[in-house]
Amino acid sequence: MLQDVKVIPMSPQKGKARENKTWQTGWWDYQPLTDQFSRPLEWSQSSIIFCAHPVQPLIIARHFSSSKQFVISPPQIVSTSTSYGPPTLISAAPDDSYLFAHFPGRGADGIGVLWTRGSQIDNWSIKDSWPIALGAAPVAATWLGQPREWIAGDTPGSTMRLPPYGPRLALPGSVLMFVTQDHNVGVCYFRPYVSAIKIITCSITQPSVANEMMPREPTVTGTRQCFRASIGMGYQEGSVLIATRSRYLPLPLSTTSQYTTTDSSLQGGVKPSYPLELASLDWEPLGEEEVINSTPPQNQNWWCILSPRYQAQIRFPTGYGPYLSCVAGPFSNRMLQRIQKTGSRCFDAQVATFVLPTPLQLYLEQRLIFVGILDTSGPFSPVQGKHRKVQIGSTRVLNVVDLKDHADCEASPILCDVARLGRQMPLKAIMSPNGALLSTSSSSLWPLRTSIQLLPTVRMTPERRLLSLAPSLASALISGRVANDVWHILSLPSTNLEDVVDTLYQADIILDDQLTGFSHASTHGILGTALAIYRKRAMSIKSSGRTQTSRWKTAQNLCSLIAYNQAFDECMEGDIYDLDAVWPLIALMSWIVSLTEDILKHCVMLCTMEDTLANGDDEDVPMSQPYTPHLDTPILLFLAHPFALDQFVRALSHVQKFCVYVKSLTARGEAAQIARDTVIDLISTSGIDVSALVGTLEITCRSVQAFDREICRRVLVSCQPTPHMHEVLTTTIQNVTKSSIMTKATLFIKPHDWADGSGSAPITPSKDKDIITQRPLGSIATIAILATDHPADGPFDMPKVSLMSLPVSGLFGLVKPSGPTSMSVINDVKNLIAQSRLFVAEDKLEKSKGQKPTRKHRGNVKIGQGGTLDPLADGVLGCETDTYDSEGSRVRTAPWQHVTREKVEAALDQFSGEIRQTPPIFSALKMDGRPLYEYAREGIPLPRPIESRKVTVHSLELVEWLGTNHSYRWPEKVFSEKEQEAMEIALKGSESNASIKNDLDPATVADIPTAFVLKMKVSGGTYVRSIVHDLAHSLGSAGHVVTLSRSQQGRFALEPTEAGDMTCVPWEVFQRAFIDVGGVDEEGWTEWEREVIDKLDVLGKNDAHPFALPMAVNGINGASPVYRPLKPGIYAPIPSFFLPTSEDLDITTFEAHVARVAGANVAPVICGSMGEAIHLSHDERTTLIHAGRKALDQAGYKTIPIIAGTGAGSTRETIQLGIEAAEAGADYAIVICSGYFAGALTRPALKAFFVEVAEKCPIPVIIYNYPGASGGIDLDSDLIVELAEECPNIIGVKLTCGNVGKLTRISETVSSSSWATKYPRKNRHANFLVLGGFADFLIPSAFVDGHGAITGLANVSPYAISKAFELSEASRKDLSSLSEAQRLQGVIARADYTIAKTSIAGTKSLLEKLYGYGGAPRKPLPPIDSAAAEAIWTHPHTQELIKLERQLSGKSV
């Protein structure tokens, strides 16, 4: 390994002597080269780097450039891993269809394994494997039948497909060819329709014949062993050149026969031959031969293999024939005369490690090679960057003829991480598939790590600008290969943007079809490449991230536009669109309209800016300077580039035609009506006349056709307009911003912006956190306890602790006394907790019974705290201390008599809201790795002033003016001379006049200082002491904190103020337990345990963090000790009621309706589709959930759960809404996937959405499948069952798709006891419920094990629907109830069909008729007109249902 870094002193100079660090290697670092040991390394076409594990029989695969790793190893090796060593040979097929590896046995036979790749790059399954005997291991391998490659042509802008590479085969697919240690060449292949692998071998040392049907005699090879070989092929060349290195070994103790042709299914496999040649050994020395044995090609029909003893030919007869054969025979030595030594070179103080062919010879027209040269020593001069690296060598380009450095090429450095300087010697290297990068690995036993190095490049000249990258990129695109290596180089910050554009430009020239003009045949591939490169650059280059982001988003939008146009074309015949694809097409149309709005908004803003400047209204811009609009904005590419504009116009034309088609449809059902209304609303709310816009842009299309083709090509790859397009672009912008095309007000302000006044941005309320400082006084300390032996989650029905599974994990609040630190309190409490069965498994308690509590016993539980606080709180004027509180030493005194209550109240405003504050020097914050208090105590000057921090003070008020009516006095502590000197030195690092003036004025020393009490609500990280300190300064005085008390932390409060607040355990309870735990109650709990149980917030097993929001685990709500399981039955999606004048929430009506519905044993669903959740802000959702829980509790329905709708436009917001719903008191969340991008949401994307939401939502999740409200997304039964099986926090599904067959399939699966046992819910007592979305199939649902329905009709007739469900369930056991159930089902089904047509407005109008409340929906939903309301009320189906409801409820409403 590299030796430790040495410090070598240099010649002394003035001042302090300089030291120079160097590194140096030893001979042992290169020993693997002399031992001919090389760890195999392979870089596949799909950009996977395969490497052998240093010591285990594993293949480590790393994807470049994501750096994600996975491991490949056959099961038979895993089970007997000690019997095999790491793989000695790894080879991937050119098309990545196969992967071959040889695992040597440890003193026994090895094994050859062939994998085939699945649909994903990390999915490899074994195709076949076969034993390989000791001494017959493969040493080199290649693949025959490689696909023809594409490269740049002889003339600029042309492409050329290379001739076939190597012998032509009649076999389909790839064929593996390998050379073995016992001087044989083997071929592995598969016959069509035959599963077993075929292996034939032929000796390269003597004439021989072998085929599939013919065994061959063992060859006489003596004890020569081939340890290295190379297989070469040529273009349009049927010959194969094999070069070998051999050595002589001692005679083996036993002999075995060489295997013949075999199937892998047969016993025996590959066995070597060791015939005795004692005579030859008399004069042949042991060891390595000093020659390379090679076999030059003789003619195009034969493979020629040459050895010193015999010349041989091997061939594959053409045609499929009955079998495949190999033939070997003598040939002439004439070809040997062409092989001769041409040159040699010695590297002083350097070592040549690897040699690779170079693609540069295609451009420089010379025979060249890459050679890795490592230095044996060098200076320790790390290259600055994200990772510190040291150059330990270089990769050079050498001429094959004389081995001299090529004059036109620049060597590239070989770098090594400083951290691995002594463990990584890149002795092995492999080029990336496109010849752009180099991957190196060492041959040591250190943990495996491959490194990526840059390759040498041609020195840049005008004629040779990025020659090596453009053809490589073009070749990769046209061949369908992954171009990650090229993307990587172009994404580096060191590659300037001009070079990136030039490379893409030249690659596009190579790819483009020159015969048909500017055809854009390769545009999609180039745009995809540009997207990837610009996106990577945006992430890595912060200074230009915004520019790069705009570029890649434009490329992405153009690629999407191309795909969407293709989708519209495929779904269209003439002027008719496929009705089955209406919802996906609506989603695509929505995206196109959104893109159009963005483009037009930019146009409007550009015109507005130009008009403002032209009129001289902008005082900030000098009128003397000519104004040029920002016409280079990437999104304007859609108005300036011929191809982009054409795609944009095509998309708008599809939107126009699709709208006309949908409007012409006759709505035959609710879904069709919703689709029609959605299309109309989408266009009307956009503010765009699509027809007029298309007509204007078609004129522009004709204008842009005059642009120079090459300029357009460069503009397209740069994803940004150029000044050549400004004139046309300016005219186009002026035309499209006319009032005849758009309504600017509607374009910028959408209806939902008026709905709640908050715009479209989601409102995420900040999480109020209490003051976090250092030492608490009379405050809350939130204690978190995690049991190490936590059981499966179970119901926790307080206060009956017998219902829960012990031990538990949870949170409780503790009223901490003044004086002791939080950690000392934690340690005291832990001694009790470690001996309680509430938190420790009983078997562990039994083992420790009778023993004195030790640190080991306390380790049975993990306990932490929610934060520490300042020990003091009220503010006192006149004196400042070093810690900003009364426990510190006096630093400065100042007058205070002039400060009045009015002045303090007036000064509070400047400390409210978002402010910046400077922490005290005695805080624990670190500067340059050292806590601030160490600077002060040790007298170390601060390197710089203490940085201020941004915090938020949500509220700040003066609650009491104490004046002099208090017992506080001046701080007594003062600095000693040494401490004062240290403090002043520390402060002088940041303050020029730092001095301590702590002497009290004798005239005022007896006076009582002024004091006051502040109440505040602040964000996390706020220093309350700093607020008081800064407030006193602003008043022209000095001040410090005397007492500080935290009144609330999360849900734990000293004095609960809201529903859901939890009280805290008094400190006196623990004090008594420290002295004597006392007796136990009838359930076996002591006093302190009972207090904790009553105030404990139980956490589920899978909860991520003890200080997360209180969780509800399948009905266990952390905010309430009541167990609310989700049961089969009827659930009502509650409407949101609004005040008629302001559209504010009508909470009184909402609470009354929730209680009314609950009286029929119907649980509420709040903030769902019926509740107009899309019209509600986050705060309004929380308010409704709070109100619903309050209404249920006050009405005596404490066990009825609340389901809250939490679906949103993004996964992130959906999770946030789930967290907020849980905090507000919801027991379950029902989630619908957003349909805004329905066309882009594939099945994996939908599954990932629900999986992530289920994992991160703190309460159980119900899947909501409603195609009509989600852009046509209709989850199939297979996906729903998959989610139920993989996500234990998913508790059910609501099917508003109306598909009874789907409900049947899901119910049949989840209702079996075996399924419930195999896939338990997060709470093992809970079941997975399958609920319908309508009330018209309750009986069919019941008879296929359905569990009820969530139906809007339950708002109108909760008793009728609840009774129908009850009878349906009873009919399963007693058919006598079936007739009555059918009667009720008929009444409900008819009414459900009739009322559902009127949607939310119709339901509210019926509630208005029945109960005197309902009102109108929120705009833009229109209210139902009076005639329609009367019609639905008087409809026979409605009246029939109302009559039934009155009978069952016993009320004449």
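Cut-off values and rules
Residues numbered from 1 in each chain as written. Predicted model: local features only at pLDDT ≥ 70, side-chain atom pairs only at ≥ 80, totals over all residues. Heavy atoms only, no water. Helix = DSSP H or I, 4+ residues; strand = E, 2+ residues; numbered from the N terminus. Expected span 1.5 Å × (residues − 1). Buried < 20%, exposed > 50% of the residue type's maximum accessible area, 1.4 Å probe, protein only. Arc of directions from axis to C-beta. Polar contact = N/O pair within 3.5 Å; in protein donor to acceptor, adjacent residues only side chain to side chain. pLDDT = per-residue confidence, 0-100. Contact = heavy atoms within 4.5 Å. Pairing = 2+ DSSP bridges. Axes fitted to C-alpha atoms, helices over the stretch in contact; angles between N-to-C directions. Parallel < 35°, antiparallel > 145°, perpendicular 65-115°, else oblique. Left-handed = near helix turned anticlockwise from the far one by under 90°. Nonpolar A, V, L, I, M, F, W, Y, C, P; charged D, E, K, R; others polar.

What follows covers helix H14 (residues 690-704). If you check H14, its first and last C-alpha atoms are 21 Å apart, about what 15 residues at 1.5 Å a residue would give, namely 21 Å. Taken residue by residue, H14 has Val690, Leu693, Val694, Thr696, Leu697, Thr700, Cys701 and Val704 as its buried positions. End-on view of H14: buried residues confined to an arc of 165°, all on one side of the axis. The opening residue of H14 is Asp689, an N-cap whose side-chain oxygen sits 3.2 Å from the backbone nitrogen of Ser691.

Okay, the confidence of the model for the protein chain next. The predicted model of the protein chain averages 75 in pLDDT, with 74% of residues at 70 or higher. Here residues 254-284 is a poorly scored stretch, pLDDT under 50, and it has 75 contacts once near neighbours within four places are set aside; other chains count. Note that residues 786-804 has pLDDT below 50 and, in this model, 62 contacts with residues that lie over four places away or in other chains.

The subject of this paragraph is the pairing of strand E27 (residues 368-375). Extensive coverage of E27 is indicated by the burial of 7 of its 8 residues. With 7 bridges connecting them, strand E26 (residues 350-357) and E27 associate as antiparallel partners. Following the sheet pairing, Ala352 is matched in E27 by Ile373. Sheet topology places E27 next to strand E29 (residues 389-399); 7 bridges connect them, and they run antiparallel. Across the sheet, Leu368 pairs through a bridge with Asn399, a residue of E29.

Ordered by their spatial adjacency, 5 strands build an open sheet running E44-E47-E48-E41-E49, and the pairing between neighbours is antiparallel. Edge positions in the sheet fall to strand E44 (913-917) and strand E49 (1039-1041), since each has one partner strand and no second. Pairs of neighbouring strands in the sheet enclose a mean axial angle of 45°, with direction left out of account. Both strand E47 (residues 949-963) and strand E48 (residues 1011-1018) contribute to a ladder of 8 bridges, which runs antiparallel. When the sheet's bridge partners are listed, Glu960 is paired in E48 with Val1013. Each of strand E41 (875-877), E44, E47, E48 and E49 is contacted by helix H25 (residues 1024-1034), which is oriented at about 160° to E49, the strand it contacts most.

Turning our attention to the packing of helix H5 (residues 469-479) against helix H6 (residues 484-491). Their axes nearest at 9 Å, the elements H5 and H6 cross at an angle of 140°. Taken together, the axes of H5 and H6 lie oblique to each other. Regarding H5 and H6, the two cross each other, and that crossing is left-handed. Where H5 abuts H6, its residues Leu469, Ser472 and Leu473 lie against Val486, Trp487, Ile489 and Leu490. For the contact of H5 with H6, the per-class residue count stands at 6 nonpolar, 1 polar and no charged.

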